[in-house]
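Read off the chains here:
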Amino acid sequence: MVNEALVHPAPEESLGVLLGLVRSEIVRAMEAELAALGVELRFTQFLILKRLARLGPMTASELARSVELDGGAMTRQLDQLEGKGYLRRCPHEQDRRALRIELTDQGTALWQQLTDCNERVLEAAQRSLSEAERQHLHDYLTRVLHALRAKD
């Protein structure tokens, strides 16, 4: 039996718990969308493709930081995505020791297909909010993130 507090958090629930629950639901919904399309990707792999599609080629360490993975976990994800034909490792233009990760044509085509899934999940997550509330939520979360990342 599922604990009722996990399904319906109390109004006084901490910000950290609520953010964690929201993230978990977004992950669950996105993975359900991927499965419905017959796409064998986990949420983290989806995020990697999303970052590469939106930000362009980058090093594995830059990509790892952008999706909050350690080096070993990133290598495993990249190996799997490369094996599926969605990305490739190319020599870095300025640093011969480094590689840049970029989407293949197949990866770009997949991302274009997944863009609608991403939008559906995010729209469903915000369906009870007005446009003004959506903008406020985005602003509040951005400010919280900046405050947490501030060095002083």
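Above this text sits the structure in question.
Here the structure is a predicted model, which means the values were calculated and not measured. (Residues numbered from 1 in each chain as written. Predicted model: local features only at pLDDT ≥ 70, side-chain atom pairs only at ≥ 80, totals over all residues. Heavy atoms only, no water.)

Per the counting criterion, the structure on display carries eight salt bridges. In this structure, Arg89 and Asp79 form a salt bridge, with 2.9 Å as the shortest nitrogen-oxygen distance. In this pair, Arg89 is assigned in strand E2 (residues 87–91) and Asp79 in helix H5 (residues 71–83), connecting sequence segments ten residues apart. The exposure class assigned to Arg89 is partly exposed, which follows from its relative accessible area of 25%. If you follow the salt bridges from partner to partner, you end up with Asp79, Glu82 and Arg89 in one network. (Salt bridge = Lys/Arg side-chain N within 4 Å of Asp/Glu carboxyl O. Helix = DSSP H or I, 4+ residues; strand = E, 2+ residues; numbered from the N terminus. Buried < 20%, exposed > 50% of the residue type's maximum accessible area, 1.4 Å probe, protein only.)

Further remarks concern the packing of helix H2 (residues 15–37) against helix H6 (residues 105–125). Put simply, H2 and H6 touch, their axes get as near as 10 Å, and they point 140° apart. Considering the relative orientation of H2 and H6, their crossing is right-handed. Across from Ile26, Ala29, Met30, Glu33, Leu34 and Leu37 in H2, the residues of H6 making contact are Gln113, Leu114, Cys117, Asn118, Arg120 and Val121. Residue composition of the contact of H2 with H6, by class: eight nonpolar, two polar and two charged. (Axes fitted to C-alpha atoms, helices over the stretch in contact; angles between N-to-C directions. Left-handed = near helix turned anticlockwise from the far one by under 90°. Contact = heavy atoms within 4.5 Å. Nonpolar A, V, L, I, M, F, W, Y, C, P; charged D, E, K, R; others polar.)

So, about helix H3 (residues 43–55). The terminal C-alpha atoms of H3, which comprises 13 residues, lie 18 Å apart, in line with the 18 Å expected from a rise of 1.5 Å per residue. Among the residues making up H3, those that are buried are Phe43, Gln45, Phe46, Leu47, Ile48, Leu49, Lys50 and Leu52. At the exit of H3 stands Gly56, carrying a positive phi of roughly 85°. (Expected span 1.5 Å × (residues − 1).)

The space that makes up the largest pocket amounts to roughly 2,000 Å³. The set of elements that each furnish at least two residues to the lining of the largest pocket consists of H2, H3, helix H4 (60–67), H6 and helix H7 (131–149). No other element matches H2, which puts twelve residues into the lining of the largest pocket. Of the residues assigned to the lining of the largest pocket, the class counts are 22 nonpolar, eight polar and ten charged. (1 Å grid on protein atoms, 1.4 Å probe; cavity = no way out; pocket = protein on both sides within 12 Å on 5 of 7 lines; lining within 4 Å. Points joined across faces, edges and corners; volume = space filled by probe spheres on them.)

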